[in-house]
2 protein chains.
Amino acid sequence: MSSTKEEAPAVRVLGLWASPFVIRVLIALRLKGVEHEVLEEVVGKKSELLLRSNPVHKKIPVLLHHGKPISESLIIVQYIDEVWSSNAPAVLPADPYVRAVERFWAQYIDDKFPRGIRILKGTVDGNKDEIVEQLSTALQLLEEAFLKLSNGKHYFGGDNIGYLDIALGSHVGWVRAVEKIAGVQLLDAAKVPHLVAWADRFCAHPAVMDVLPDADRFVEYSVKYGSFFPTRSSTTK
Amino acid sequence: MSSTKEEAPAVRVLGLWASPFVIRVLIALRLKGVEHEVLEEVVGKKSELLLRSNPVHKKIPVLLHHGKPISESLIIVQYIDEVWSSNAPAVLPADPYVRAVERFWAQYIDDKFPRGIRILKGTVDGNKDEIVEQLSTALQLLEEAFLKLSNGKHYFGGDNIGYLDIALGSHVGWVRAVEKIAGVQLLDAAKVPHLVAWADRFCAHPAVMDVLPDADRFVEYSVKYGSFFPTRSSTTK
């Protein structure tokens with residue numbers, strides 16, 4: 001059936017396939033089974049719709065829900081969880097304490113990984129050895145957090161992918177890409193075995209596999225676009 | 001009645017009176033009517049309890065609830081709202097879209113104000129004129145956000161103090177202090193009249209007035225402790 005009246009879909013995402021922050025939004029929508037359209041931005045340009053929808057930061061991702069814009073990836077993920085709360089699974093854990101713990105680590109991840117990845121890619125200046133050290137420490141802490149939170153199950157969220165799975169998992173593609181680009185090892189099975197196994201499971205999950213490209217595609221992107229590393233949707237401090 | 005058995009109160013806050021991030025937690029607890037004890041840290045030192053409770057960032061505030069630690073001020077405020085959800089008023093708005101908008105601005109505030117305030121205090125290097133310009137722009141955007149969100153009422157949260165009131169209001173004391181220290185004007189009634197009136201109302205609110213000292217006390221603190229500006233409870237990027 002074709003529609004004669006043009007109407008924007010209820011849910012649209014302004015994004016770019018290589019952005020971990022966009023990938024978060026797409027995973028959350030897929031987990032919740034929310035139909036959506038992705039409007040792919042052109043690398044290095046910003047569409048009029050993007051500039052109008054996120055005038056403060058001018059960054060992807062933006063979720064447009066019936067035309068109303070929501071920015072900042074983790075805020076969008078929470079919004080999706082709250083709006084489609086009756087669509088299983090819940091993304092945020094039910095227990096307030098566990099929510100607080102997951103929010104803590106999600107914030108920690110965004111403090112450490114985007115900057116570290118940029119430095120290892122060579123698009124931002126910094127001491128690569130120091131960054132490898134910092135990210136390895138971060139992964140060690142996250143390995144410990146995984147053991148506590150997953151409680152012997154497959155994900156940080158238990159049986160299902162949850163908020164912290166999305167927050168960290170969205171970076172896995174770039175982490176593996178910069179391992180190749182910079183010739184370093186971060187997701188090291190000898191040091192963080194549970195996290196390495198978790199990363200494999202996460203990437204193979206039906207809600208993830210089609211929207212999280214493998215490392216080689218990120219490496220190609222990096223070669224092609226260099227400094228146009230997709231940034232998080234907030235200002236850089 | 002005196003208790004012979006020593007027992008830690010159910011809710012304790014590791015804090016420092018001059019920290020805007022600690023002030024957030026205290027306001028939320030007071031709004032919800034939650035009894036609590038404040039354990040004041042000594043400036044420039046970190047207690048064993050703090051180091052043990054927040055081993056990742058080693059920063060205040062930490063909320064201890066039945067001994068379980070929660071860190072990061074805005075995460076704590078959400079935790080308080082969720083745990084004592086039946087205690088009016090709700091801190092987060094009920095509508096998911098408004099929640100997302102308030103979370104967006106709260107994150108924006110923590111991107112702009114702490115660093116700007118440190119530079120105007122002179123404890124961090126930076127161009128003061130540029131910072132005044134940036135903070136003035138931020139306040140202008142927040143004035144516009146206030147007009148939309150408050151809908152003619154007293155607070156960002158409407159009739160009651162909400163999440164965004166707490167996020168921005170906690171910085172008002174230091175904003176007014178650095179106006180004196182650096183000889184600049186930020187909360188300018190000619191430019192952001194609604195925000196100036198809101199700030200006065202916020203500071204006079206019963207849940208706020210006893211925990212948000214006036215500007216002169218922050219100026220004194222600044223003179224006394226110099227670089228020991230209370231930092232947010234996350235790592236600085």
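Attention here is on the structure that accompanies the text.

What counts as what
- Residues numbered from 1 in each chain as written.
- Chains lettered and ligands numbered in written order.
- Predicted model: local features only at pLDDT ≥ 70, side-chain atom pairs only at ≥ 80, totals over all residues.
- Heavy atoms only, no water.
- Axes fitted to C-alpha atoms, helices over the stretch in contact; angles between N-to-C directions.
- Helix = DSSP H or I, 4+ residues; strand = E, 2+ residues; numbered from the N terminus.
- Parallel < 35°, antiparallel > 145°, perpendicular 65-115°, else oblique.
- Left-handed = near helix turned anticlockwise from the far one by under 90°.
- Contact = heavy atoms within 4.5 Å.
- Nonpolar A, V, L, I, M, F, W, Y, C, P; charged D, E, K, R; others polar.
- Phe/Tyr/Trp six-rings, centres within 6.5 Å; stacked < 30°, edge-to-face > 60°.
- Buried < 20%, exposed > 50% of the residue type's maximum accessible area, 1.4 Å probe, protein only.
- Lys NZ or Arg CZ within 6 Å of the ring centre and 35° of its normal.
- Salt bridge = Lys/Arg side-chain N within 4 Å of Asp/Glu carboxyl O.

**With respect to the packing of helix H4 (residues 96–121) of chain B against helix H7 (residues 172–182) of chain B**
All names here are of chain B.
Part 1 of the reasoning: At their nearest, the axes of H4 and H7 sit 9 Å apart, and the two run at 25 degrees to each other. One finds that H4 runs roughly parallel with respect to H7. Every pair of crossing elements has a handedness; the one defined by H4 and H7 is left-handed. When H4 is examined against H7, the residues Phe-113, Ile-117, Leu-120 and Lys-121 are found in contact with a partner set consisting of Trp-174, Val-175, Val-178, Ile-181 and Ala-182.
Part 2 of the reasoning: Of the residues belonging to the contact of H4 with H7, the class tally is eight nonpolar, no polar and one charged.

**A closer look at the packing of aromatic side chains**
How two aromatic rings sit relative to each other is given by the distance of their centres and the angle of their planes.
Part 1 of the reasoning: Taken as a whole, this structure holds 22 aromatic pairs over all chains when the rule is applied.
Part 2 of the reasoning: With centroids separated by 5.4 Å and ring planes inclined at 80 degrees, the aromatic side chains of Phe-156 of chain A and Trp-198 of chain A adopt a geometry described as edge-to-face. Of this pair, Phe-156 of chain A sits in the loop between helix H5 (128–150) and helix H6 (163–169) while Trp-198 of chain A sits in helix H8 (residues 193–204), and the two are 42 residues apart along the sequence. Taken individually, Phe-156 of chain A and Trp-198 of chain A each receive the classification buried, so the pair is uniform in this respect.
Part 3 of the reasoning: In this structure, Lys-68 of chain A packs its charged tip against the face of Tyr-97 of chain B, placed 4.4 Å from the ring centre.
Part 4 of the reasoning: The ring centre of Trp-17 of chain A lies 4.0 Å from the NZ or CZ of Arg-217 of chain A, which sits over that ring.

**Looking at the pattern of salt bridges**
Part 1 of the reasoning: Following the criterion strictly, the structure yields 16 salt bridges over all chains and no others.
Part 2 of the reasoning: The partner of Lys-32 of chain A in a salt bridge is Asp-81 of chain A, with the nearest N and O atoms 3.0 Å apart. With a gap of 49 residues between them, Lys-32 of chain A in the loop between helix H1 (20–31) and strand S2 (37–40) and Asp-81 of chain A in helix H3 (residues 73–83) connect regions that are remote in the sequence.
Part 3 of the reasoning: A relative accessible area of 10% places Asp-81 of chain A in the buried class.
Part 4 of the reasoning: The partner of Arg-103 of chain B in a salt bridge is Glu-82 of chain A, with the nearest N and O atoms 3.1 Å apart. Residue Arg-103 of chain B is found in helix H4, and its partner Glu-82 of chain A is found in helix H3; the two belong to separate chains. For the pair formed by Arg-103 of chain B and Glu-82 of chain A, the shared burial category is buried.
Part 5 of the reasoning: Where salt bridges share partners, they join Glu-82 of chain A together with Arg-99 and Arg-103 of chain B into one cluster.

Just distances and angles here, no functional claims.
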